[in-house]
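Single-letter residue listing:
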Amino acid sequence: MSSNAEGMDRRSALAGRGLVTCWLLFLLAACDTTPSNPRTDDNPTSGHVVVLVDEGLKPVFEDLESIFEHFYKDADLDLRYLPEGGILTAMQHDSVRLVFATFAPGADQDAYLRSKQITPHIETVATDAVAVIANKTVTESRIGVSEIRAQLTTGVPAEPWSGYRLLFDRNGSGVARTVIDSLLGGDASLMKAQVFSTNGIDSLVAQVARNPNTLGFIPFAAIADKDNAHSRHLLEQVKVLAVGRDTSHAVLPSQTTLADGTYPLCRPVVMLVLEPKAGLGTGFASFVAGHKGQRIILKRGLAPAHIPSREIEVVLE
């Protein structure tokens, strides 16, 4: 009897020690206060992510960022606005997870992405354009693409645009690349005239406002939103020209002429999702391409890729 009792006591003691050990392990796990890293432990609605955005799209993406972070309080978007040349460089030297620009990856970017075994998701989310601006004293309100092409290739277009300087917003600008692609078939070597660049959109607008014999090329997104104070400030200084294949078919850039393609200097706003997992970059990309994001793009003056539906409730008395 005594040996049986001693065996039972030993088994009870071992079981008790096992329970204590499990309880201690549970407490240690519960007390692990190692914080998660928002830069690596992010998910579609929380964490931290760097997003590269073409600087010409800044007015639109400031709103998209603000509203996304309003909905998702744990999301920390770090939008960095760069000229197109800066984005292309960053894509080949940095760990980029999400890009919004006006180009699709070229051969160099494709080769780099393949070397990293990255297959990007590429999607057009809106249509932007290049707006042509002139000094407010200029009496002409229309210009044909043939006249712009002649100015670029010879520097001697037909009247009334003879002697005008051409200004782009900066070196490495997506605006200049769009014009070369649209009017010169992508061959920059055809550009014989002296073309000048400034130090950004504000600087370009200021120069056109001061110099009557200057034509400027800027992103339409910079002036599309009439409710934006800075966009209105830019528009107040200059005159936006209607553009067409000839002056008789010239139209102003607008949501309608961007959407139907009648404005000749349109360009797509392209989203490149490069992250290997469904992180915060993927979450923001889905927001921009989705119903809420497309409504914001519509409100900010660009043509969204997917026209948001309007829901009308009819109440019958």
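This text follows the structure it describes.
Residues numbered from 1 in each chain as written. Predicted model: local features only at pLDDT ≥ 70, side-chain atom pairs only at ≥ 80, totals over all residues. Heavy atoms only, no water.

Draft legend 1. Region of the structure containing the pairing of strand 4 (residues 121-134). Relative to strand 11 (residues 266-273), strand 4 runs antiparallel, the two being bridged by 8 bridges. Across the sheet, residue T127 finds its bridge partner in strand 11, namely P268. Summarising the sheet, strand 4 and strand 8 (residues 214-219) pair through 5 bridges and their orientation is antiparallel. Within strand 8, the position partnered with I133 by the bridge is G216. Of the strand pairs in this sheet, strand 4 and strand 9 (residues 239-240) are connected by 2 bridges, and their pairing is antiparallel. Its bridge partner being in strand 9, A134 is matched across the sheet by K239. (Pairing = 2+ DSSP bridges. Helix = DSSP H or I, 4+ residues; strand = E, 2+ residues; numbered from the N terminus.)

Draft legend 2. Region of interest: the pairing of strand 3 (residues 98-101). Residues L98 and F100 line one face of strand 3 and the alternating positions V99 and A101 line the opposite face, and both faces are buried. As paired elements, strand 1 (residues 47-54) and strand 3 share 2 bridges and run parallel to each other. Residue pairing in the sheet places V53 in a bridge with F100 of strand 3. Of the pairings in the sheet, the one linking strand 3 to strand 11 comprises 4 bridges and is antiparallel in character. Residue pairing across strands places L98 opposite V273, the latter belonging to strand 11. (Buried < 20%, exposed > 50% of the residue type's maximum accessible area, 1.4 Å probe, protein only.)

Draft legend 3. A look at the pattern of salt bridges. Scanning the entire structure with this criterion turns up 11 salt bridges. In this structure, R177 and D181 form a salt bridge, with 3.2 Å as the shortest nitrogen-oxygen distance. Placement of the pair is R177 and D181 together in helix 6 (residues 174-184), with a separation of 4 residues, close to one helical turn. Close ionic contact of R300 with D225 constitutes a salt bridge, the shortest N to O distance being 3.5 Å. Here D225 lies in the loop between strand 8 and helix 8 (229-237) and R300 lies in the loop between helix 11 (291-299) and strand 12 (303-304), a separation of 75 residues in the sequence. (Salt bridge = Lys/Arg side-chain N within 4 Å of Asp/Glu carboxyl O.)

Draft legend 4. Spatial organisation of the packing of helix 5 (residues 145-153) against helix 6. Packing of helix 5 against helix 6 leaves a shortest axis separation of 10 Å and a crossing angle of 110°. Here helix 5 lies roughly perpendicular to helix 6, going by the angle between them. Residues V145, I148, R149, L152 and T153 of helix 5 pack against V179, L183 and L184 of helix 6. For the contact of helix 5 with helix 6, the class distribution of residues is 6 nonpolar, 1 polar and 1 charged. (Axes fitted to C-alpha atoms, helices over the stretch in contact; angles between N-to-C directions. Parallel < 35°, antiparallel > 145°, perpendicular 65-115°, else oblique. Contact = heavy atoms within 4.5 Å. Nonpolar A, V, L, I, M, F, W, Y, C, P; charged D, E, K, R; others polar.)

Draft legend 5. Expanded view of the side chain of R97. Position of R97 relative to the elements: it lies in the loop between helix 3 (84-93) and strand 3. Among the residues examined, R97 registers a relative accessible area of 16% and is labelled buried.

Draft legend 6. Representation of the packing of helix 10 (residues 280-289) against helix 11 within the structure. Following both chains from N to C, one finds helix 10 and helix 11 inclined at 60°, their axes separated by 4 Å at the closest point. Here helix 10 is positioned oblique relative to helix 11, judged by the angle of their axes. Packed against helix 10, whose contacting residues are F287, V288 and A289, the element helix 11 presents H291, K292, G293, Q294, I296 and I297 at the interface.

Draft legend 7. Molecular detail of the side chain of E84. With respect to the helices and strands, E84 occurs in helix 3. Polar side-chain contacts of E84 include one of 2.8 Å to the side chain of R177. Not counting residues within four places of it along the chain, the set of residues in contact with E84 comprises D54, T102, F103, G172, S173, G174 and R177. (Polar contact = N/O pair within 3.5 Å; in protein donor to acceptor, adjacent residues only side chain to side chain.)

Remember that the coordinates give geometry; whether it matters functionally is a separate question.
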